[in-house]
Amino acid sequence: MNGRKLTILMIDSHAEIERGGAIQCARLAAALAERGHSVACVFDATNNASERTGAEWQRLSNAGVTVLRRPLLSISAMRRFGEELRELAPDIVHTHKNRALYSLAGATRNRRSFGWVANRGTEYSLLREPPAWAIHRYWVDRMIPVADAVKAQLIRDGIPPEKLRTIYG
(Lines give C-alpha, C1' and ligand atoms only; values in the text may rest on other atoms or scores of the structure.)
Protein backbone atom coordinates (compact mmCIF):
# COMPACT_ATOMS: atom_id res chain seq x y z
CA MET A 1 0.00 0.00 0.00
CA ASN A 2 1.23 3.49 -0.76
CA GLY A 3 0.12 4.96 2.57
CA ARG A 4 -3.18 6.26 1.20
CA LYS A 5 -6.02 6.02 3.70
CA LEU A 6 -9.02 4.28 2.21
CA THR A 7 -12.73 4.39 2.87
CA ILE A 8 -13.77 0.76 3.15
CA LEU A 9 -17.26 -0.67 3.47
CA MET A 10 -17.69 -4.30 4.47
CA ILE A 11 -21.06 -6.01 4.02
CA ASP A 12 -21.71 -9.24 5.90
CA SER A 13 -24.81 -11.39 5.57
CA HIS A 14 -24.82 -12.22 9.26
CA ALA A 15 -26.86 -10.35 11.84
CA GLU A 16 -24.63 -11.57 14.66
CA ILE A 17 -20.89 -11.96 15.07
CA GLU A 18 -20.84 -15.51 16.38
CA ARG A 19 -19.32 -17.77 13.71
CA GLY A 20 -16.37 -18.00 11.34
CA GLY A 21 -17.19 -15.63 8.48
CA ALA A 22 -18.74 -12.93 10.65
CA ILE A 23 -15.82 -13.06 13.06
CA GLN A 24 -13.33 -12.84 10.17
CA CYS A 25 -15.21 -9.85 8.73
CA ALA A 26 -15.30 -8.05 12.08
CA ARG A 27 -11.64 -8.69 12.83
CA LEU A 28 -10.57 -7.57 9.37
CA ALA A 29 -12.66 -4.40 9.71
CA ALA A 30 -11.14 -3.63 13.12
CA ALA A 31 -7.59 -4.26 11.88
CA LEU A 32 -8.11 -1.99 8.86
CA ALA A 33 -9.51 0.77 11.09
CA GLU A 34 -6.59 0.38 13.47
CA ARG A 35 -4.28 0.98 10.49
CA GLY A 36 -5.98 4.32 9.91
CA HIS A 37 -8.56 3.50 7.26
CA SER A 38 -12.14 4.70 7.54
CA VAL A 39 -14.18 1.51 7.90
CA ALA A 40 -17.89 0.81 8.14
CA CYS A 41 -19.55 -2.60 8.46
CA VAL A 42 -23.05 -3.40 7.34
CA PHE A 43 -24.70 -6.36 9.05
CA ASP A 44 -28.09 -7.79 8.20
CA ALA A 45 -31.03 -6.34 10.11
CA THR A 46 -33.30 -9.04 11.49
CA ASN A 47 -35.94 -9.19 14.16
CA ASN A 48 -33.65 -11.36 16.26
CA ALA A 49 -30.55 -9.14 16.11
CA SER A 50 -28.85 -8.55 19.42
CA GLU A 51 -27.91 -5.17 20.79
CA ARG A 52 -24.28 -5.43 19.72
CA THR A 53 -22.91 -7.08 22.82
CA GLY A 54 -19.89 -9.32 23.00
CA ALA A 55 -16.19 -9.16 22.36
CA GLU A 56 -16.31 -8.72 18.57
CA TRP A 57 -18.85 -5.87 18.73
CA GLN A 58 -16.64 -4.22 21.35
CA ARG A 59 -13.57 -4.70 19.15
CA LEU A 60 -15.34 -2.89 16.29
CA SER A 61 -16.39 -0.07 18.58
CA ASN A 62 -12.91 0.30 20.08
CA ALA A 63 -11.36 0.44 16.61
CA GLY A 64 -13.76 3.20 15.52
CA VAL A 65 -15.62 1.10 12.95
CA THR A 66 -19.07 2.44 12.06
CA VAL A 67 -21.64 -0.35 12.35
CA LEU A 68 -24.83 -0.22 10.30
CA ARG A 69 -27.75 -2.64 10.12
CA ARG A 70 -29.63 -2.95 6.86
CA PRO A 71 -32.20 -5.50 5.64
CA LEU A 72 -30.03 -7.01 2.92
CA LEU A 73 -32.65 -8.67 0.73
CA SER A 74 -35.33 -5.99 0.77
CA ILE A 75 -35.68 -4.39 -2.67
CA SER A 76 -36.72 -1.03 -1.21
CA ALA A 77 -33.82 -1.17 1.27
CA MET A 78 -31.44 -1.89 -1.62
CA ARG A 79 -32.62 1.25 -3.38
CA ARG A 80 -32.13 3.32 -0.25
CA PHE A 81 -28.75 1.74 0.31
CA GLY A 82 -27.73 2.70 -3.24
CA GLU A 83 -28.33 6.33 -2.31
CA GLU A 84 -26.47 5.87 0.97
CA LEU A 85 -23.51 4.38 -0.90
CA ARG A 86 -23.09 7.59 -2.86
CA GLU A 87 -22.87 9.50 0.43
CA LEU A 88 -20.47 6.99 2.01
CA ALA A 89 -18.26 7.19 -1.13
CA PRO A 90 -16.24 4.05 -0.41
CA ASP A 91 -13.04 3.27 -2.28
CA ILE A 92 -13.60 -0.44 -1.73
CA VAL A 93 -16.66 -2.51 -0.86
CA HIS A 94 -15.97 -6.01 0.44
CA THR A 95 -18.86 -8.46 0.44
CA HIS A 96 -18.99 -11.59 2.57
CA LYS A 97 -21.44 -14.30 1.44
CA ASN A 98 -24.10 -14.27 -1.24
CA ARG A 99 -26.79 -12.22 0.54
CA ALA A 100 -24.28 -9.40 0.87
CA LEU A 101 -23.33 -9.89 -2.78
CA TYR A 102 -26.97 -9.72 -3.92
CA SER A 103 -27.66 -6.70 -1.74
CA LEU A 104 -24.80 -4.71 -3.25
CA ALA A 105 -25.71 -5.83 -6.76
CA GLY A 106 -29.30 -4.69 -6.19
CA ALA A 107 -28.18 -1.40 -4.68
CA THR A 108 -25.82 -0.49 -7.51
CA ARG A 109 -26.95 -2.43 -10.58
CA ASN A 110 -23.20 -2.22 -11.35
CA ARG A 111 -23.24 1.58 -11.56
CA ARG A 112 -20.48 2.27 -9.10
CA SER A 113 -17.31 4.19 -8.43
CA PHE A 114 -15.59 1.75 -6.07
CA GLY A 115 -13.65 -1.48 -6.29
CA TRP A 116 -15.65 -4.59 -5.38
CA VAL A 117 -13.96 -7.42 -3.50
CA ALA A 118 -15.80 -10.62 -2.58
CA ASN A 119 -14.81 -13.40 -0.20
CA ARG A 120 -15.34 -17.01 -1.15
CA GLY A 121 -15.08 -19.48 1.69
CA THR A 122 -16.75 -22.54 0.25
CA GLU A 123 -15.74 -25.02 -2.40
CA TYR A 124 -19.14 -25.74 -3.93
CA SER A 125 -19.54 -24.64 -7.52
CA LEU A 126 -20.84 -21.16 -8.19
CA LEU A 127 -22.64 -22.65 -11.17
CA ARG A 128 -25.19 -24.05 -8.70
CA GLU A 129 -26.38 -20.47 -8.21
CA PRO A 130 -26.33 -18.72 -11.61
CA PRO A 131 -27.05 -15.16 -10.34
CA ALA A 132 -24.12 -15.39 -7.88
CA TRP A 133 -21.90 -16.80 -10.62
CA ALA A 134 -22.77 -13.94 -13.00
CA ILE A 135 -22.16 -11.26 -10.37
CA HIS A 136 -18.82 -12.81 -9.39
CA ARG A 137 -17.80 -13.31 -13.02
CA TYR A 138 -18.79 -9.94 -14.44
CA TRP A 139 -19.22 -7.38 -11.64
CA VAL A 140 -16.81 -8.26 -8.84
CA ASP A 141 -13.32 -6.87 -9.42
CA ARG A 142 -11.38 -9.22 -7.13
CA MET A 143 -12.19 -12.41 -5.26
CA ILE A 144 -10.53 -13.75 -2.16
CA PRO A 145 -10.77 -17.54 -1.94
CA VAL A 146 -9.78 -18.77 1.52
CA ALA A 147 -8.08 -21.96 0.30
CA ASP A 148 -6.39 -23.32 -2.81
CA ALA A 149 -9.26 -25.79 -3.30
CA VAL A 150 -11.74 -22.90 -3.38
CA LYS A 151 -9.57 -21.07 -5.91
CA ALA A 152 -9.34 -24.18 -8.10
CA GLN A 153 -13.13 -24.54 -8.09
CA LEU A 154 -13.59 -20.88 -9.02
CA ILE A 155 -11.25 -21.34 -11.97
CA ARG A 156 -13.20 -24.46 -13.05
CA ASP A 157 -16.36 -22.31 -12.81
CA GLY A 158 -14.90 -19.82 -15.30
CA ILE A 159 -13.75 -17.06 -12.95
CA PRO A 160 -10.60 -15.52 -14.49
CA PRO A 161 -7.51 -16.49 -12.45
CA GLU A 162 -6.27 -12.89 -12.50
CA LYS A 163 -9.30 -11.91 -10.38
CA LEU A 164 -8.31 -14.36 -7.62
CA ARG A 165 -5.95 -13.95 -4.68
CA THR A 166 -5.95 -16.68 -2.05
CA ILE A 167 -5.81 -15.49 1.54
CA TYR A 168 -5.97 -18.48 3.81
CA GLY A 169 -8.74 -18.54 6.38
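Residues numbered from 1 in each chain as written. Predicted model: local features only at pLDDT ≥ 70, side-chain atom pairs only at ≥ 80, totals over all residues. Heavy atoms only, no water.

## Looking at the sheet that holds strand 5 (residues 115-120)
The strands that make up a sheet pair up through hydrogen bonds in the backbone, lying either parallel or antiparallel.
Right, so step 1: The parallel open sheet is built from six strands, whose spatial order is 3-2-1-4-5-6. Both outer strands of the open sheet, strand 3 (66-70) and strand 6 (142-145), are each paired with one neighbouring strand and no more. Taking the axes of each pair of neighbouring strands and ignoring which way they run, one obtains an average angle of 20 degrees across the sheet.
Right, so step 2: Looking at chain direction, strand 5 and strand 6 are connected through four bridges and run parallel. Each residue of the ladder has a partner; that of Arg 120, found in strand 6, is Pro 145. (Pairing = 2+ DSSP bridges. Helix = DSSP H or I, 4+ residues; strand = E, 2+ residues; numbered from the N terminus. Axes fitted to C-alpha atoms, helices over the stretch in contact; angles between N-to-C directions.)

## Quick word on empty space enclosed by the protein
Right, so step 1: Throughout the structure, instances matching the rule amount to one cavity of 30 Å³ or more.
Right, so step 2: In terms of lining, the largest cavity is formed by Val 42, Arg 70, Pro 71, Leu 72, Ala 77, Met 78, Phe 81 and Ser 103.
Right, so step 3: Top contributing element to the lining of the largest cavity by residue count: helix 3 (residues 75-88), with three residues.
Right, so step 4: Within the lining of the largest cavity, the residues separate by chemical class into six nonpolar, one polar and one charged. (1 Å grid on protein atoms, 1.4 Å probe; cavity = no way out; pocket = protein on both sides within 12 Å on 5 of 7 lines; lining within 4 Å. Points joined across faces, edges and corners; volume = space filled by probe spheres on them. Nonpolar A, V, L, I, M, F, W, Y, C, P; charged D, E, K, R; others polar.)

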